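The residues making up each chain are set out below.
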Amino acid sequence: MTDAAFVGSIPDLYERYLGPMLFEPYARDMARRFEGFEGDLLETAAGTGRVTRALAKAAPRARILATDLNQPMLDTAAGLTPASNVEWRQADAQALPFADASFDAVVCQFGAMFFPDKDAGFAQARRVLRPGGRLVFSVWDDIAANDISRLVGEAVAELFPKDPPRFLERTPFGYHDHATITAALKTAGFAAPQFDVVRLELHSPCAADAATGLCAGTPLRGEIEARDPEGLDAAIEAATAALAEAFGGGEIVDYGQALVVSAGVT
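Just so you know, these numbers come straight off a predicted model, no measurement behind them.

### What to know about the overall build of the protein chain
Part 1: When helices and strands are counted, the protein chain shows ten helices and seven strands.
Part 2: Overall, the C-alpha framework of the protein chain stretches about 50 × 35 × 30 Å when taken along its three principal axes.
Part 3: Per-residue burial over the protein chain gives 58% buried out of 266 residues.
Part 4: Considering only contacts in the protein chain between residues 6 or more positions apart, those separated by 24 or more positions represent 77%.
Part 5: Just so you have it, the protein chain exposes about 11,000 Å², and 50% of that area is on carbon and sulfur atoms.
Part 6: For the protein chain, the distance from the average position of its 23 positive side-chain charges to the average position of its 37 negative side-chain charges is 7 Å.

What follows is the structure in structure tokens.
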């Protein structure tokens, strides 16, 4: 399983357990940046539609085209998003099937980290933007600033000391260096970007929900099962225990830290 493969039961688990905890707070933050927007907006890596739904409410007169590489994710998103100003389409953000200068804005929440060719992803966003358009995307900051995910990653790694799964730190939390991102955006033809460090409160009903979401609702699952086909339950149990030790046996309340990057067309 690749780092960008959200297939099988992963989309439903991703939405059920990770959507409310990790993505809903940042979806609201992203949507407020487009309050009242009325143009053509392309969302890439839309996932299960958390940002899409927030954007549809914040900008009801916008024309939103939401895309994702994984059709199962879009199927889940479409079923949850009864918005008349949203259209869904499967598309690879690194090879967008849209004409030049088709959109006034491109939005991507927590997707750029998954692009195997980030230069191509940014170049495609630049190509489809009109003059005066902007790209706004978010990425997670260092995993050291995101304790829930860090603790889960460490607990799972301890089960496989000879070959620890590193999906979380490698991919979702592996693309946050300002200089690297700035250089890639400038190469693609964007102006110098603005970086906002966004630290928001995260909630999960219990440790088991957070552990299940991160272990079974992401491609970390594939790394676990590649090492032990029957090892998923043990990984969830270990991650649950680590979170319960850190946060107690009830609701988890902690903070996440991300970067929101905004870059205009030069």
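On we go.
### So, the pattern of salt bridges
Part 1: On inspection of all chains with the given rule, the structure shows 18 salt bridges.
Part 2: Across the salt bridge formed by E15 and R50, the nearest N and O atoms sit 2.6 Å from each other. Here E15 is found in helix α1 (residues 10-32), whereas its partner R50 is found in helix α2 (residues 50-58), with 35 residues between them in sequence.
Part 3: Between E225 and R221 there is a salt bridge, and its shortest N-O distance comes to 3.3 Å. Residue E225 and its partner R221 are both found in helix α9 (residues 220-227); the two are separated by four residues, about one turn of the helix.
Part 4: Judged by its relative accessible area of 30%, E225 falls in the partly exposed class.
Part 5: Members of the salt-bridge network, linked through shared partners, are E15, E24, R28, R50 and R53.

### Structural notes on the packing of aromatic side chains
Part 1: Here the structure, examined in full by the defined rule, presents eleven aromatic pairs.
Part 2: Aromatic pair F23 and W140: ring centres 6.5 Å apart, planes at 45°, arrangement tilted. Highlighted residues: F23 in helix α1 and W140 in strand β5 (residues 129-140), separated in sequence by 117 residues.
Part 3: Their ring planes at 80° and their centres at 5.5 Å tell us that Y26 and F110 sit as a pair that is edge-to-face. Highlighted residues: Y26 in helix α1 and F110 in the loop between β4 (103-109) and α4 (118-128), separated in sequence by 84 residues.

### A short note on the UniProt feature "domain: Methyltransferase type" (unreviewed entry) in the protein chain
Part 1: Under the present numbering, the feature "domain: Methyltransferase type" (unreviewed entry) in UniProt falls on residues 42-137.
Part 2: The annotated region residues 42-137 carries 31% helix and 30% strand content, and the separation between its end C-alpha atoms amounts to 12 Å.

### Re the environment of P205
Part 1: Examined against the element boundaries, P205 turns out to sit in the loop between β6 (194-204) and α8 (207-216).
Part 2: Note: C-alpha distance between P205 and P25 (180 residues apart in sequence) is 15 Å.
Part 3: Ignoring anything within four residues of it in the chain, the contact list for P205 reads G250 and E251.

### Comments concerning the packing of α1 against α2
Part 1: Interhelical geometry of α1 versus α2 gives an angle of 35° and a closest axis separation of 8 Å. Seen from above, α1 lies across α2 with right-handed handedness. Judged by residue contacts, E15, G19, P20, F23, E24, A27, M30 and A31 of α1 engage R50, V51, R53, A54, L55 and A58 from α2.
Part 2: Classifying every residue of the contact of α1 with α2 gives nine nonpolar, one polar and four charged.

### Observations concerning the sheet that holds strand β3 (residues 86-90)
Part 1: Read across the open sheet, the seven strands follow the order β3-β2-β1-β4-β5-β7-β6; overall the sheet is mixed. With one partner strand each, in any of the chains shown, β3 and β6 form the two edges of the open sheet. Averaged over all pairs of adjacent strands, the angle between their axes in this sheet comes to 20°, without regard to strand direction.
Part 2: Bridge count between strand β1 (residues 40-43) and strand β2 (residues 63-68): four bridges; the pairing is parallel. Each bridged residue has a counterpart across the sheet, and for L41 the counterpart in β2 is I64.
Part 3: Taken strand by strand, α4 contacts β1, β4 and β5, and its axis lies near 150° from that of β5.

Conventions used here
Residues numbered from 1 in each chain as written. Predicted model: local features only at pLDDT ≥ 70, side-chain atom pairs only at ≥ 80, totals over all residues. Heavy atoms only, no water. Helix = DSSP H or I, 4+ residues; strand = E, 2+ residues; numbered from the N terminus. Buried < 20%, exposed > 50% of the residue type's maximum accessible area, 1.4 Å probe, protein only. Contact = heavy atoms within 4.5 Å. Areas by Shrake-Rupley, 256 points an atom, 1.4 Å probe, with all protein chains shown as cover. Lys, Arg positive; Asp, Glu negative; His and termini not counted. Charge placed at Lys NZ, Arg CZ, Asp CG, Glu CD. Salt bridge = Lys/Arg side-chain N within 4 Å of Asp/Glu carboxyl O. Phe/Tyr/Trp six-rings, centres within 6.5 Å; stacked < 30°, edge-to-face > 60°. UniProt positions renumbered as here; feature names shortened; annotations may be inferred. Axes fitted to C-alpha atoms, helices over the stretch in contact; angles between N-to-C directions. Left-handed = near helix turned anticlockwise from the far one by under 90°. Nonpolar A, V, L, I, M, F, W, Y, C, P; charged D, E, K, R; others polar. Pairing = 2+ DSSP bridges.

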